[in-house]
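# Results of the structural survey
Each chain, letter by letter, is given below.
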Amino acid sequence: MSETQSSEQITVFSDYVCPFCYLGRESLRQYQSTRDDDLEIDWHPFDLRSGKRNPDGSIDHSVDDGKDEDYYEQAKESVRRLQAKYDVEMDLDIATDIDSLPAQIASYYVKEHYDYETWLTFDVAVFEALWQDGQDIGDEDLLVDLAEDAGVDGGEIRSALGDDALRSEVREKFTTAQRQGITGVPTFAYDGHAARGAVPPEQLERLVEGT
């Protein structure tokens, strides 16, 4: 990852499977487009399915996480409202059956071993594969294809996905985020201040520029 000063980065905690993270990133893109100076994303993975995840990494959908049909209907309505607000087309409103852990492991690997633009290209491709095309971002072959399109060696992604030490490192990142007080995503953080949710570009501007 390219070296930048903290004043040129905004920290983003997110999970690819979260529709509000996708919408929040569009809001951030819109804000970034108004700036004269680059504002890079310092991405931190977050696991929304941690309460349902088994020790082997699989998801137990039978676990009651308190999210019933009413919750999902309200979430879908919020997604549709933000789609209209940010002028974003989405193939899905909610992705309850997709496991994002493989995508987060792959993205973390790319972030640690490639330059920022390569990571960003891969990151955007993962979001779009899920929310634009309705594809399963837990699928290894898909992640390899997306990585190769971004200029990443596909064999490295396969190795990363099979690396237990890397998997443990990513899961520790989830724990670290929770210890830092991150309870939901997306969370945008800058200079000791934070905004949670798919907030509008003007709120991100206030967060970063204090205006």
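Here is a short report on the structure shown in this document. Just so it is clear, the structure is predicted and the values come from calculations on it, not from any experiment. (Residues numbered from 1 in each chain as written. Predicted model: local features only at pLDDT ≥ 70, side-chain atom pairs only at ≥ 80, totals over all residues. Heavy atoms only, no water.)

## A few points about the environment of Gly184
- Topologically, Gly184 is positioned in the loop between helix H7 (164-179) and strand S3 (187-190).
- Judged by its relative accessible area of 9%, Gly184 is buried.
- Residues Gly184 and Asp15 lie 169 residues apart in sequence; the distance between their C-alpha atoms is 9.6 Å.
- When sequence neighbours within four positions are dropped, the list of residues in contact with Gly184 reads Phe46 and Arg196. (Helix = DSSP H or I, 4+ residues; strand = E, 2+ residues; numbered from the N terminus. Buried < 20%, exposed > 50% of the residue type's maximum accessible area, 1.4 Å probe, protein only. Contact = heavy atoms within 4.5 Å.)

## A short note on the pattern of salt bridges
- Enumeration according to the criterion identifies 10 salt bridges in this entry.
- A salt bridge links Arg25 to Asp123, with the shortest nitrogen-to-oxygen separation between them at 2.6 Å. Taken together, the residues span a long stretch of sequence, with Arg25 in helix H1 (residues 19-32) and Asp123 in helix H4 (residues 116-131) at a distance of 98 residues.
- Since its relative accessible area comes to 0%, Asp123 is described here as buried.
- The salt bridge partner of Lys111 is Asp42, with a shortest N-O separation of 3.2 Å. (Salt bridge = Lys/Arg side-chain N within 4 Å of Asp/Glu carboxyl O.)

## Focus: the sheet that holds S3
- Across the sheet, 4 strands lie side by side as S2-S1-S3-S4; this open sheet has mixed pairing. Across the chains shown, the open sheet's two edge strands, defined by having one partner strand only, are strand S2 (40-45) and strand S4 (193-196). This sheet shows a mean twist of 25° between the axes of neighbouring strands, independent of strand direction.
- Bridging between S3 and S4 involves 4 bridges; their strand directions are antiparallel. Bridge assignment links Ala189 to a residue of S4, and that residue is Ala194. (Pairing = 2+ DSSP bridges. Axes fitted to C-alpha atoms, helices over the stretch in contact; angles between N-to-C directions.)

## A short note on the packing of aromatic side chains
- Tallied over the full model, the rule gives 5 aromatic pairs.
- Consider the rings of Tyr16 and Trp43, whose centres lie 5.8 Å apart with planes at 35°: the pair is tilted. With Tyr16 in the loop between strand S1 (9-14) and H1 and Trp43 in strand S2, this residue pair connects regions lying 27 residues apart in the sequence. Across this residue pair, the class does not change: Tyr16 and Trp43 are buried.
- An aromatic cluster is built from Tyr16, Tyr22, Trp43, Tyr116, Trp119 and Phe127, whose rings are joined through pairwise contacts. (Phe/Tyr/Trp six-rings, centres within 6.5 Å; stacked < 30°, edge-to-face > 60°.)

## A word on the state of the cysteines
- Summed over all chains, the structure comprises 0 disulfides.
- No disulfide involves Cys18; its sulfur sits 3.3 Å from that of Cys21, the nearest cysteine.
- The exposure class of Cys21 is buried, given its relative accessible area of 1%. (Disulfide = S-S within 2.5 Å.)

## Brief notes about the pairing of S1
- The buried fraction of S1 amounts to 6 of the 6 residues, a majority that puts the element mostly inside the structure.
- Across the two faces of S1 the burial is the same, with Gln9, Thr11 and Phe13 and Ile10, Val12 and Ser14 all buried.
- Bridge count between S1 and S2: 6 bridges; the pairing is parallel. Counterpart to Thr11 in the pairing with S2 is Asp42.
- Each parallel crossover has a hand, and for S1 linked through H1 to S2 it is right-handed. (Right-handed = clockwise from strand over helix to strand, strands pointing away.)

## What to know about a negative patch on the surface
- Together, Glu8, Asp36, Asp37, Asp38, Asp115 and Glu117 make up a negatively charged patch on the protein surface.
- Classification of Asp37 as exposed rests on a relative accessible area of 56%. (Patch = residues over 30% accessible without salt bridge, like charges linked within 9 Å, V, L, I, M, F, W, Y side chains within 5 Å. Areas by Shrake-Rupley, 256 points an atom, 1.4 Å probe, with all protein chains shown as cover. Lys, Arg positive; Asp, Glu negative; His and termini not counted. Charge placed at Lys NZ, Arg CZ, Asp CG, Glu CD.)

## Thoughts on the packing of helix H3 (residues 101-113) against helix H6 (residues 154-161)
- Between H3 and H6, whose axes approach to 9 Å, the crossing angle comes to 120°. Considering their axes alone, H3 and H6 lie oblique with respect to each other. Along this stretch, H3 crosses H6, giving a crossing that reads as right-handed. In contact with Pro102, Ile105, Ala106, Tyr109 and Val110 of H3, H6 contributes Glu156, Ile157, Ala160 and Leu161. (Parallel < 35°, antiparallel > 145°, perpendicular 65-115°, else oblique. Left-handed = near helix turned anticlockwise from the far one by under 90°.)

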